[in-house]
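Take a look at the letters that make up each chain.
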Amino acid sequence: MKGLSCSFLITFLLSLTLSSAGTLARDVSKRAIPAGSLQRVNSFGSNPSGTQMYIYVPKNLASKPGIIVAIHYCTGTAEAYYSFTPYAQQAEQYGFIVIYPQSPYSGTCWDVSSEATLIHNGGGDSNSIANMVTWTIGQYNADTSKVFVTGTSSGAMMTNVMAATYPELFAAGTVYSGVGAGCFYSSSNQVDAWNSSCAQGHIISTPAVWAGIAKNMYPGYSGSRPRMQIYHGSADTALYPQNYYETCKQWAGVFGYNYDSPVSMLPSTPSPNYQTTNWGPNLQGIYVTGVGHTVPVNGTQDMEWFGFTAALWGQCGGKGWTGPTVCAGGYTCTFGNEWYSQCL
Ligand SMILES: *[C@@H]1O[C@H](CO)[C@@H](O)[C@H](O)[C@H]1NC(C)=O
Ligand SMILES: *[C@@H]1O[C@H](CO)[C@@H](O)[C@H](O)[C@H]1NC(C)=O
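What you are looking at is a predicted structure, and each value in this text was computed from that prediction instead of being measured.

Chemist: Could you clarify how one ought to interpret the sheet that holds strand E12 (residues 333–337) in this entry?
Modeler: Two strands in a sheet stick together by hydrogen bonds in their backbones, pointing the same way (parallel) or opposite ways (antiparallel). One open sheet holds the three strands; their spatial order is E11-E13-E12, and the pairing between them is antiparallel. The outermost strands of the open sheet, each flanked by one partner alone, are strand E11 (315–317) and E12. Within the sheet, the average angular offset between the axes of one strand and its neighbour, ignoring direction, is 45°. Sheet analysis places E11 next to strand E13 (residues 340–343), joined by two bridges and oriented antiparallel. Bridging from a neighbouring strand, Gly317 pairs with Ser341 of E13.

Now the structure itself:
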């Protein structure tokens with residue numbers, strides 16, 4: 001008798017909880033994350049590699065916000081990368097959310113070497129980070145066409161891995177001093193392994209081979225892929241500059257561009273010592289003479305690449321215009337006629 005009423009009570013309480021959970025869960029977790037400061041998210045769904053999730057939700061949150069995933073370097077943390085990069089301040093300006101994943105390994109490099117992380121839904125770090133993105137899209141009704149990934153050094157390697165393993169999630173990526181996706185592969189299937197041959201620039205291959213490696217990270221996928229922007233310094237002795245060329249080969253191969261004949265090579269762009277190479281609308285390389293490990297983050301350029309701002313002198317408004325409506329650094333969106341406004 002006692003057992004019966006007890007189990008009845010439990011069933012009753014459980015059904016109460018369940019019936020309200022659907023409507024409450026969303027509001028509660030949203031309210032639980034204060035805007036305007038870096039916050040840890042303890043539960044974002046399946047987290048196979050035990051990666052930690054931090055988030056910055058701006059006070060000025062857009063109604064259908066974009067998302068930037070910003071991935072730290074070795075020895076870094078979510079908080080360090082939050083301080084090191086301008087994305088949180090820019091989030092207040094443009095209304096997007098920033099996700100800062102944090103590596104679960106001692107030394108806090110990312111796992112860009114194991115089979116688990118180098119394949120779509122393989123249960124590695126890439127899988128955990130993808131789940132953070134999916135959770136955030138659901139919680140904040142985010143704009144799935146404005147989800148981006150960026151990182152520095154080990155985080156840049158991870159950016160290439162995310163672009164290859166979860167191409168369907170991201171519209172664009174920016175890589176600050178990394179290596180191509182799969183270059184750090186561990187022949188003994190070690191998690192979080194260092195690969196000296198790759199780091200020292202000895203892994204040299206063709207665009208076709210590199211593209212095959214990237215495409216095999218999500219076999220059978222034929223949808224859209226993120227536009228990629230690759231930065232590297234000529235004096236990098238941690239991840240040798242050869243990795244710049246190999247990474248550009250990889251994405252040129254993926255997009256079907258002829259690596260050997262880029263569309264344009266622009267010296268002193270965007271600033272002295274920077275050379276910008278365009279292979280097509282989906283791939284831009286920026287090689288920086290005299291800069292070592294790592295190339296500093298250029299937040300203004302990132303906002304342009306991700307499409308939160310129009311390039312200087314770009315269109316920013318007009319009838320039927322669906323592109324960016326905010327201009328980069330100091331420029332004003334100026335009315336020309338009803339069909340055309342321009343950053344001036
Ligand atoms: C380093 O990576 C390359 C692929 O880029 C691979 O062939 C090689 O076996 C890796 N080295 C080790 C020690 O795993
Ligand atoms: C960053 O990008 C902006 C916009 O392209 C450019 O004006 C600026 O010179 C860049 N800064 C550096 C250090 O390259």
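Next comes the rest of the account.
Chemist: Help me understand the packing of helix H4 (residues 125–140) against helix H5 (residues 154–165), please; the structure alone is not making it clear to me.
Modeler: Packed helix pairs are specified by the crossing angle of their axes together with the interaxial distance, meaning the distance between the axes. Contact geometry for H4 and H5: axes closest at 10 Å, N-to-C directions at 75°. One way to sum up the angle between H4 and H5 is to call them roughly perpendicular. On H5, the residues touching Asp125, Ser126, Ile129 and Ala130 of H4 are Met158, Val161, Met162 and Thr165.

Chemist: Just to check I follow, could you spell out the site of ligand 2 for this structure?
Modeler: Around ligand 2, the structure places Pro270, Ser271, Tyr274, Asn298, Thr300, Gln301 and Glu304. Pro270 places a main-chain nitrogen or oxygen 3.5 Å from an oxygen atom of ligand 2. Separating an oxygen atom of ligand 2 from a side-chain N or O atom of Asn298 is a distance of 2.4 Å. In isolation ligand 2 exposes 360 Å². Once the protein is present, 63% of that is buried.

Chemist: Before we go on, may I ask you to explain the site of ligand 1 in this structure?
Modeler: Ligand 1 sits among Gly182, Cys183, Tyr185, Ser186, Ser187, Asn195 and Ile203. Here an oxygen atom of ligand 1 and a side-chain polar atom of Asn195 are 2.3 Å apart. Tallied by class, residues from the shell around ligand 1 come to three nonpolar, four polar and no charged.

Chemist: Help me understand the state of the cysteines in this model?
Modeler: Scanning the entire structure with this criterion turns up three disulfides. Two residues share a disulfide in this structure: Cys74 and Cys109, whose sulfurs sit 2.0 Å from each other. With the S-S dihedral at roughly 115°, the linkage between Cys74 and Cys109 falls on the right-handed side. Residue Cys74 is found in the loop between strand E3 (67–71) and helix H2 (78–84), and its partner Cys109 is found in the loop between strand E4 (97–102) and H4; the two are separated by 35 residues along the sequence. Both residues of the pair, Cys74 and Cys109, count as buried. Sulfur-sulfur distance for the disulfide between Cys316 and Cys333 comes to 2.1 Å. Measuring handedness by torsion sign, the sulfur bridge of Cys316 and Cys333 sits at about 100° and is right-handed.

What counts, and at which threshold
- Residues numbered from 1 in each chain as written.
- Chains lettered and ligands numbered in written order.
- Predicted model: local features only at pLDDT ≥ 70, side-chain atom pairs only at ≥ 80, totals over all residues.
- Heavy atoms only, no water.
- Pairing = 2+ DSSP bridges.
- Helix = DSSP H or I, 4+ residues; strand = E, 2+ residues; numbered from the N terminus.
- Axes fitted to C-alpha atoms, helices over the stretch in contact; angles between N-to-C directions.
- Parallel < 35°, antiparallel > 145°, perpendicular 65-115°, else oblique.
- Contact = heavy atoms within 4.5 Å.
- Near = heavy atom within 4 Å.
- Polar contact = N/O pair within 3.5 Å; in protein donor to acceptor, adjacent residues only side chain to side chain.
- Areas by Shrake-Rupley, 256 points an atom, 1.4 Å probe, with all protein chains shown as cover.
- Nonpolar A, V, L, I, M, F, W, Y, C, P; charged D, E, K, R; others polar.
- Disulfide = S-S within 2.5 Å.
- Buried < 20%, exposed > 50% of the residue type's maximum accessible area, 1.4 Å probe, protein only.

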